[in-house]
Amino acid sequence: MSSTEAIQQAIPAELSGMVRSVKFADGVATIIADAGGLGRSAAAQLQRELEQAVGAVEGVSEVRVALMADKVQRRIIAVGSGKGGVGKSTLTANLAVALAKLGRKVGVVDADIYGPSQVMLLDPARGRPKAEGNTLIPVESEFGVKLLSMAQLVEGGKAIAWRGPMVGQALGQMMEADWGDAELLLVDLPPGTGDVQLTMLQKFKPAGAIIVTTPQDLALIDATRAIDLFRQADIPIVGLVENMAGYACPHCGEVSDPFGAGGAESAAQAMGQEFLGRVPLHMAIRVASDTGQPPAANEGEHGEVYTEIAARLAVWLDAGRA
Ligand SMILES: Nc1ncnc2c1ncn2[C@@H]1O[C@H](COP(=O)(O)OP(=O)(O)O)[C@@H](O)[C@H]1O
Ligand SMILES: [Mg+2]
């Protein structure tokens, strides 16, 4: 039996499925193993067990284990808008919750340094992230979504004057945190098309972007700008979401369109972009959101709306996995 065969046989059966290659030369065994989807400590344990098992083989004087991370490639979806107040954060939070309900492992990065709101939306209990060395460990929200927000990183949610390098560092820490088995990170970007957005896009290269807009023309012009920003950075656009469409009067039930109707859908069409869905302007959405109860967490018509958009995103993600 060659040494390579002896090494292969020494690897416990429950680990052999993760081993991608075994090489042996001059007493040195080199093992490549797939640690995708494993958390940090599970990956470290895999490494130790391989080192022990292979190290015990006769003739092996050194074991080198290389772990390939991310078999489940963690993908980033940026949620952007041309301007603030269009409901970008509300959509991000609800999409995350809806995706978690569909069985996806999701994390949310609140990168909106000017108005971080994901803590209010997703974690009313206000957990604080822990740190292992320089690595942040996201807060696990009650909706099965992991969360890191700029707001968690400052004392008592105090507003601070972020300077460029600090912003970059904080963003980096959040993006490179220990997201464990999260396969998808939704990033709530600051509104507009400034430096933070550009740095974020270039450095962390999202797999795709969702653009949120309200139906009126002016918002659509801003949305076009946001789309251009992503295009410049070579980031595919998953599609547009129209928020605050059609207002149902709580008294008489009549539906009116304070911001116009269908603007985003026809704009999406004109720009050759997907239209992912329309979220109505409804008091219940704001009230639920303000109290840390994302409508997507509950059955009900508004939850449905978010679930449908989340399902379209899931289809897009799965199509790109090939
Ligand atoms: N579809 C909706 N119906 C009613 N209120 C909404 C809706 N979407 C968002 N809101 C409310 O509008 C305000 C702004 O939304 P937010 O998500 O914070 O916007 P952005 O992140 O784009 O600045 C919040 O008070 C939110 O609760
Ligand atoms: Mg916001």
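Residues numbered from 1 in each chain as written. Chains lettered and ligands numbered in written order. Predicted model: local features only at pLDDT ≥ 70, side-chain atom pairs only at ≥ 80, totals over all residues. Heavy atoms only, no water.

When its secondary structure is counted, the protein shows 12 helices and 14 strands. Along the three orthogonal principal directions, the C-alpha set of the protein runs to about 80 × 40 × 40 Å. The 322 residues of the protein split such that 48% are buried. When the 27 basic and 37 acidic side-chain charges of the protein are each reduced to a single mean position, those positions are 3 Å apart. (Helix = DSSP H or I, 4+ residues; strand = E, 2+ residues; numbered from the N terminus. Buried < 20%, exposed > 50% of the residue type's maximum accessible area, 1.4 Å probe, protein only. Lys, Arg positive; Asp, Glu negative; His and termini not counted. Charge placed at Lys NZ, Arg CZ, Asp CG, Glu CD.)

The next point concerns the domain arrangement of the protein. When its domains are assigned, the protein resolves into domain 1 (3-68) and domain 2 (75-319). For domain 1 and domain 2, the distance between their C-alpha centroids amounts to 41 Å. (Domains from an automatic or database assignment.)

Glancing now at the site of ligand 1. In the vicinity of ligand 1 lie 16 residues, with Gly85, Lys88, Ser89, Thr90 and Pro280 positioned nearest. Taking threonine 90, its side chain carries an N or O atom lying 2.5 Å from an oxygen atom of ligand 1. The separation between a nitrogen atom of ligand 1 and a polar main-chain atom of histidine 282 is 3.0 Å. Taking 560 Å² as the accessible area of ligand 1 by itself, protein coverage stands at 80%. A breakdown of the residues in the shell around ligand 1 according to their chemical character gives six nonpolar, seven polar and three charged. (Near = heavy atom within 4 Å. Polar contact = N/O pair within 3.5 Å; in protein donor to acceptor, adjacent residues only side chain to side chain. Areas by Shrake-Rupley, 256 points an atom, 1.4 Å probe, with all protein chains shown as cover. Nonpolar A, V, L, I, M, F, W, Y, C, P; charged D, E, K, R; others polar.)

This part covers the sheet that holds strand E1 (residues 19-25). Read across the sheet, three strands follow the order E1-E2-E3 without closing on themselves; strand pairing throughout is mixed. The open sheet has two edge strands with one neighbour each: E1 and strand E3 (62-68). Each strand axis lies, on average, 15° off the axis of its neighbour in the sheet, ignoring direction. As defined by bridge partners, E1 adjoins strand E2 (residues 28-34) across six bridges and the pair is classed as antiparallel. Bridge assignment links alanine 25 to a residue of E2, and that residue is valine 28. Seen against the sheet, helix H1 (residues 3-10) touches E1 and E2 and runs at an angle of roughly 140° to E1. (Pairing = 2+ DSSP bridges. Axes fitted to C-alpha atoms, helices over the stretch in contact; angles between N-to-C directions. Contact = heavy atoms within 4.5 Å.)

As for its position among the elements, tyrosine 247 is in strand E12 (residues 237-248). With 44 residues separating them in the primary sequence, tyrosine 247 and lysine 203 have C-alpha atoms 39 Å apart.

Position of aspartate 110 relative to the elements: it lies in strand E5 (residues 106-110). Here aspartate 110 sits buried without a salt bridge, and the closest side chain of opposite charge, lysine 88, lies 6.8 Å off (N-O distance). Setting aside residues no more than four positions away along its own chain, aspartate 110 makes contact with Pro116, Ser117, Gln118, Leu148, Ser149, Met150, Met174 and Asp188. (Salt bridge = Lys/Arg side-chain N within 4 Å of Asp/Glu carboxyl O.)

Below, the discussion takes up the pattern of salt bridges. Applying the stated criterion across every chain yields a total of 12 salt bridges. Linked by salt bridges that have partners in common, Lys88, Asp112 and Asp188 make up one network.

Helix H12 (residues 301-319) packs onto helix H4 (residues 88-101) with a crossing angle of 75° between their chain directions and a minimal axis gap of 9 Å. Considered as vectors, H4 and H12 are oriented roughly perpendicular to each other. In this structure, H4 contributes Thr90, Leu91, Asn94, Leu95, Ala98 and Leu99 to the contact, and H12 contributes Tyr306, Thr307, Ile309, Ala310, Leu313 and Ala314. (Parallel < 35°, antiparallel > 145°, perpendicular 65-115°, else oblique.)

The topology assignment puts arginine 75 in strand E4 (residues 75-80). Despite its burial, arginine 75 pairs with no opposite charge, the nearest such side chain being aspartate 318 at 5.1 Å. A polar contact is formed between the side chain of arginine 75 and the backbone oxygen of leucine 317, at a distance of 2.8 Å.

Most of E2 sits out of view: five of its seven residues are buried. Counted between consecutive antiparallel strands, the loop separating E1 from E2 contains two residues, among which aspartate 26 sits at a positive phi close to 50°. For E2 and E3, the ladder comprises seven bridges, and the chain directions are parallel. Bridge pairing in E3 places alanine 33 opposite leucine 67.

Time to look at the environment of glutamine 202. Tracing the chain through its elements places glutamine 202 in helix H8 (residues 195-204). Classification of glutamine 202 by relative accessible area gives exposed; the value is 56%. Measuring from C-alpha to C-alpha, the distance between glutamine 202 and serine 21 comes to 33 Å, with 181 residues separating the pair along the chain.

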